[in-house]
Amino acid sequence: MSGRVPETALDPVLDARLAVPVLPAHHVDRPRLIARLDSSAEAPITLVSAPAGSGKTVLAAAWAQARAEDRDIGWVSFEAGDESSGSFWPLVLTRLRRSDVRLSRACAHDDRRFLAKDVCAALAARSRSLTLVLDGFEIADRQLAEDLEFVLGHCDERLRLVMLTRADPLIPLPRHRLRGSLVEIRARDLAFTTTEATQLLRRHQIALGEEAATKLVDRTRGWAAGLRFAMLTLNGSAAPEVVVERIVGDAGNIAEFLMSEVLSAQTAETRSLLLATSIVDLLRPGLIEELGGPDASRRLASLARAGMLIEELPDLPGWYCYHPFLRDLLRAELRRTDADRLIPLQRRAASWYARHDLLDDSVAMEAAAGAWATAAQRVVEVFALAPLVEHQDSSGLVRTFAQMPTDAAGAAADLVRAALALGQGGLVECAQALNAARSSLRDGTFVTAVGPAAQVIDAIRATAAREPAALELTTAACTMISETGSALIPLELTRLARGCHGVSLLRHGHLEAAYLALVETAGNPSQRGSSDAPVPLAPHLALASALLDRPDEARRWAAAATGVSVETDVAEAGSASADIGTTELAAAAVALAWVRAEQGPGAELEKSPHDVVASHFDDPLHQTLICLARARLACAHGDHRAGLDLLLHGTPSLPAHLAWVEDLRQVQLIHLHLIGADLEAADRAVAALHAPLEGRALLARGHVAVARGDWTAVRACLASLPPTESAVARTVAARVLEAELELHRDHPVRARLLLDEAFRLTPAERLWRPLHEAPPRVRALLASGRTGKTPGGLPASRAPLRLQRSEPVRTNSTGVEGRTDLAGAPAIPLTPKEREVLGHLAELLTTDEIAVAMFVSVNTVRTHVRHILRKLGVSRRNQAVRRARTLRLLDGEPGRPVPTPRCPDITGFG
């Protein structure tokens, strides 16, 4: 503690070191940090610790000038060579005297205990506290730290220290944190925000857009020195947004600053550690030791505390990252001074990532080392191709392999190219890459997973290309996945394969199987999933639901595909689908048009989406279905000739695997020929059916039989309806045909009950088309119950209207009010699950207890209960149980021979 107190007069150098520094001309006010310094008024120590160039001095100087009138603030600036305590006390004592702290002239005494006591006494005698800013002194001397601690503890709270330092001082920071006597401002606090950086740029007359300013802040991490060096580069540039992308830390002023202020002071051993660990962006425990040796973590922690541009992640202790500019410089130095270490270090890091299942990082590091074949093999071995196929922008694999050179050889590399091409819509390029991968396998380049992975990619490609062979390929791929096991092939790739299988089933007319496969894969319609996938599932699910006469589900899936709410007008949803401009999403518009056609003339023809989106269709399936929807809408508005013309001349020729769509056209032709009383044309359409036993075809044949008076054929058609037929629209159509048969038998009451059931079903699903196509006797019965005008503008001869309920309401044997069912059983049979729920209701179980017993969700149980009440024609659970007992549904006696299969729950519950 020896040394003389400097003279205080006529010493301009000393005056400058004891004065608050002058602020730069383009200084930007930073109120958020000024407030942090203001909050330190009650804390003995404020520590502003950050690397060189972080703006510590400018911030403290701005605060000191702003608060000069309110507080007694003294400033001491230290320079190079002031590291010892012998330089510390002389300057501090001089500053204290200039701040009217009445020290004894003996304060230069060598006895540090006497000095500390004298300083404490002099400070305690003051009427107001003194804030002393120590700028640039690294307190690394334990005795000096103890002296300052003594002064702060015995000065009657008349001294507060603001320490501006690159390294943490030796004072006991944890103890001060615990006491609440320490305010800390670190590098992350000093970093410029985008708003502050924009203000700084404007002060320098640099015009930079918001996006470019954000990139600049992200690139510099808000580091003040980095921003100022960047502005030197940007100043006068004609295209500053372009220059921002080129600002790096391994050249120019930034590199010179880092070399002189950061690296030059480090030992050779430290420089070697920095170079070795700079090859990765994020240093994590284990990887640090892998690259830098056993004690690398401890040494990095010391460097972070010593003011290097190394930051420990706040929420991840032991994890570090370099400032981007320092990382640029270190990597350039490694390539320049020790290039032979680079590739071995990268391969070592890649192996460590692979051992810890960090695939993206492992692949990126192999690619950085130029080992593209190994990088591709790592991806293929674990079947991690889904991100490439779905072209996920957030995936590191997509970003890495986008840079893969064309000369990267091997079956795995070719397969990765195929997946990337498929994700970008390049179906031809995908096929070429798959052929190259197979050729490599035949030439002896063998990777175990290449064959199965290529099989999945080819199945997805064929589905996206709408090839007839897609069904065979997707079936084989799904079989392979099932045999291989889910433990090897990731869920994402499995979902892609199964989803494509569902789409292929749909295109081949296997509607129920397609619906089940798609629902199982797509999950909840409220979760849209990736619309960038080669084959988005939601539009196809909307189409499958529409063709299965499930309009509400079709609307929900169309909303999920197009982003339009379920309540939105169908034409608006069709426009939204068309705006997206993909054939797959056009399927959602087709589904909505089909639903609209099933609903009848609820609105004007020109509001249908078919005219809006027809020009976007390049798929014969979609073109034909849109044409059928237009024909139905034309007929719903009474223009049967226009509908017939569309069906005869407006549909394209169809390939063999779309023969089921031709059957839809023939069924519609049958109804139009019956309207025109052309039985010969109707017979020709019946003969042209490819699947005459399908539900729609049977009902159409039944209508032809009615027109010919062949009631035996009508009964045969009704009896031949598939037992799995569950579509509401076809149930309604069957009831209408049954009603016609009962009228022929002279049973009008039974006919009215059947029609009443049909009416009971149509409001929920809003399906009126089957009623608009009713046979003659049913039309007459409907006409006899007419009240008001004909809806939809149809001719009265074809317009069904709601029956007048003239039959009395009767009380059955259970005392439950309801309409008598002549068959004695529910008109719509109960499914096995509904019977199971009904049995639990009879046991007086609650909804929650039933859910636990059946291993389903509470919402699923409630849905079953609603269906049971509707089918049994009651409104309460106890009434349902009593009616079920009357109908002997609880003791195993069936109510009706035709069961209704369970509709899969698409809500994701149960």
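Residues numbered from 1 in each chain as written. Predicted model: local features only at pLDDT ≥ 70, side-chain atom pairs only at ≥ 80, totals over all residues. Heavy atoms only, no water.

Assigned secondary structure in the protein chain consists of 47 helices and nine strands. Residues classed as buried in the protein chain amount to 52% of the 910 residues present. Taking contacts inside the protein chain between residues at least 6 apart in sequence as the whole, the part at least 24 apart equals 69%. In the structure as shown, the protein chain presents an accessible area of about 40600 Å², 52% of it carried by carbon and sulfur atoms. (Helix = DSSP H or I, 4+ residues; strand = E, 2+ residues; numbered from the N terminus. Buried < 20%, exposed > 50% of the residue type's maximum accessible area, 1.4 Å probe, protein only. Contact = heavy atoms within 4.5 Å. Areas by Shrake-Rupley, 256 points an atom, 1.4 Å probe, with all protein chains shown as cover.)

Its 13 residues place the ends of helix H23 (residues 411-423) 19 Å apart at the C-alpha level, agreeing with the 18 Å of an ideal helix rising 1.5 Å per residue. Most of H23 sits out of view: 13 of its 13 residues are buried. With its phi angle positive at about 85°, Gly-425 sits one or two positions after the end of H23. (Expected span 1.5 Å × (residues − 1).)

Now for helix H39 (residues 711-719). Count 3.6 residues to each turn of an α-helix, and residues three or four apart come out pointing the same way. What H39 keeps buried is the set Trp-711, Val-714, Cys-717 and Leu-718. Looking straight down H39, one finds that the buried residues subtend no more than 115° of arc, so they occupy a single side. Exposed positions of H39 whose direction lies more than 90 degrees from the buried face are Thr-712 and Ala-719. (Arc of directions from axis to C-beta.)

Here we take up the confidence of the model for the protein chain. Looking at the protein chain as a whole, its pLDDT mean stands at 80, while 83% of the residues score no less than 70. Within the model, the stretch residues 565-581 combines pLDDT values under 50 with 34 contacts to residues more than four positions away or in other chains. Segment residues 603-615: pLDDT under 50, and 27 contacts once partners within four positions in sequence are set aside and those in other chains are kept. (pLDDT = per-residue confidence, 0-100.)

As a further point, take the packing of helix H40 (residues 728-744) against helix H43 (residues 776-784). Direction vectors running N to C along H40 and H43 enclose 90°, while the axes themselves pass 8 Å from each other. Here H40 lies roughly perpendicular to H43, going by the angle between them. Facing H40, whose interface residues are Val-736, Ala-739, Glu-740, Leu-743 and His-744, H43 presents Pro-776, Arg-777, Val-778 and Leu-781. Here the contact of H40 with H43 is composed, by residue class, of six nonpolar, one polar and two charged. (Axes fitted to C-alpha atoms, helices over the stretch in contact; angles between N-to-C directions. Parallel < 35°, antiparallel > 145°, perpendicular 65-115°, else oblique. Nonpolar A, V, L, I, M, F, W, Y, C, P; charged D, E, K, R; others polar.)

Mapping Arg-284 onto the fold places it in the loop between helix H14 (268-277) and helix H15 (287-292). According to the relative accessible area criterion, Arg-284 is buried, its value standing at 13%. Beyond its immediate stretch of four places on either side in the chain, Arg-284 contacts Gly-318, Trp-319, Trp-352, Tyr-353, Leu-358 and Asp-361.

Next up on the list: the pattern of salt bridges. Side-chain pairing between opposite charges can occur once the charged atoms of the two side chains come close. What the rule picks out here adds up to 48 salt bridges. Residue Arg-98 is joined to Asp-15 by a salt bridge in which the shortest nitrogen-to-oxygen separation is 2.7 Å. Of this pair, Arg-98 sits in helix H4 (residues 85-98) while Asp-15 is found in helix H1 (residues 12-17), placing the two residues 83 residues apart along the sequence. Residue classification places Arg-98 among the partly exposed positions, given a relative accessible area of 28%. The closest approach of N and O atoms between Arg-36 and Asp-189, which form a salt bridge, is 3.7 Å. With Arg-36 in helix H2 (residues 31-38) and Asp-189 in helix H8 (residues 187-190), this residue pair connects regions lying 153 residues apart in the sequence. Among the charged side chains, a network of salt bridges with common partners joins Asp-168, Arg-177, Glu-184 and Arg-186. (Salt bridge = Lys/Arg side-chain N within 4 Å of Asp/Glu carboxyl O.)

One can describe the packing of helix H34 (residues 620-636) onto helix H35 (residues 640-649) by two numbers: an axis separation of 7 Å at closest approach and a directional angle of 165°. Between H34 and H35, the interaxial angle falls into the category roughly antiparallel. As H34 runs across H35, the sense of the crossing is left-handed. Within the contact between the two elements, H34 uses Cys-627, Leu-628, Arg-630, Ala-631, Ala-634 and Cys-635 and H35 uses His-640, Ala-642, Gly-643, Leu-646 and Leu-647. Here the contact of H34 with H35 is composed, by residue class, of eight nonpolar, two polar and one charged. (Left-handed = near helix turned anticlockwise from the far one by under 90°.)

A few words now on the sheet that holds strand E5 (residues 182-185). Spatially, five strands are ordered E2-E3-E4-E1-E5 in an open sheet, and the strand pairing comes out parallel. Each end of this open sheet is capped by a strand with a single partner; those strands are strand E2 (73-77) and E5. With direction set aside, neighbouring strand axes in the sheet form an average angle of 15°. Where strand E3 (residues 130-135) and strand E4 (residues 159-165) come together, six bridges link them in parallel fashion. Bridge pairing in E4 places Leu-132 opposite Leu-161. Contacting strand E1 (45-49) and E5, H2 runs over the sheet at an angle of about 160° to E5. (Pairing = 2+ DSSP bridges.)

The biggest cluster of nonpolar side chains holds 108 residues, and the ones touching the most others in it are Leu-385, Leu-388, Phe-401, Leu-415, Ile-457, Leu-547 and Leu-625. Tallying contributions element by element places H23 first for this core, with ten residues. Residues in contact with Phe-401, not counting those within four places in the same chain, are Val-363, Trp-372, Ala-375, Ala-376, Val-379, Leu-388, Val-416 and Leu-420. The next biggest cluster of nonpolar side chains, apart from the first, holds 60 residues, and it includes Ala-212, Leu-216, Leu-273 and Leu-309. (Core = buried A, V, L, I, M, F, W, Y, C linked by side-chain atoms within 4.5 Å.)

With that out of the way, let us pick up the packing of aromatic side chains. A full pass over the atoms with the stated rule returns nine aromatic pairs. Between Trp-223 and Phe-257, the aromatic rings sit 5.7 Å apart at their centres with planes inclined by 55°, giving tilted as the arrangement. Of this pair, Trp-223 sits in the loop between helix H10 (210-220) and helix H11 (224-234) while Phe-257 sits in helix H13 (residues 252-263), placing them 34 residues apart in sequence. Each member of the pair Trp-223 and Phe-257 is classed as buried. Among the aromatic residues, those joined into a cluster by ring pairs are Phe-78, Phe-88, Trp-89 and Phe-137. When the ring centre of Tyr-515 is taken as origin, the NZ or CZ atom of Arg-550, which lies over that ring, is 4.4 Å away. Above the plane of the ring of Trp-594 lies Arg-632, whose end atom (NZ or CZ) is 4.3 Å from the centre. (Phe/Tyr/Trp six-rings, centres within 6.5 Å; stacked < 30°, edge-to-face > 60°. Lys NZ or Arg CZ within 6 Å of the ring centre and 35° of its normal.)

What follows covers the environment of Arg-202. Along the chain, the position of Arg-202 falls in helix H9 (residues 194-203). Residue classification places Arg-202 among the exposed positions, given a relative accessible area of 60%. With 176 residues separating them along the chain, Arg-202 and His-26 place their C-alpha atoms 9.3 Å apart.

Before going further, it helps to examine the environment of Ala-884. With respect to the helices and strands, the residue Ala-884 is situated in helix H47 (residues 877-886). The exposure class of Ala-884 is buried, given its relative accessible area of 0%. Note: C-alpha distance between Ala-884 and Ala-842 (42 residues apart in sequence) is 9.2 Å. The residues touching Ala-884, leaving out its near neighbours within four places in the chain, are Leu-838, Leu-889 and Leu-890.

Looking now at the environment of Ala-116. As for its position among the elements, Ala-116 is in helix H5 (residues 112-124). Given the relative accessible area of 4%, Ala-116 is considered buried. In this view, Ala-116 contacts Phe-150 and Val-151; residues no more than four positions away in its chain are not counted.

We now examine unusual backbone geometry. With phi around 60°, Asp-549 is a residue other than glycine that occupies positive phi space. Along the chain, Asp-549 falls in the loop between helix H29 (537-547) and helix H30 (551-562). In the Ramachandran plot, Ala-677 falls in the positive-phi region, its phi being about 60° despite a non-glycine side chain. Along the chain, the position of Ala-677 falls in the loop between helix H36 (659-675) and helix H37 (679-687). Residue classification places Ala-677 among the exposed positions, given a relative accessible area of 62%.

In regular strands, side chains alternate between the two faces of the sheet. Where burial is concerned, most of E3 is hidden: six out of the six residues are buried. Neither face of E3 is left uncovered, since the one carrying Leu-130, Leu-132 and Leu-134 and the one carrying Thr-131, Val-133 and Asp-135 both have all their residues buried. As paired elements, E2 and E3 share five bridges and run parallel to each other. Counted as the bridge partner of Trp-75 is Val-133 from E3. Following the backbone out of E3, through helix H6 (residues 142-154) and into the adjacent parallel E4, one traces a crossover that is right-handed. (Right-handed = clockwise from strand over helix to strand, strands pointing away.)

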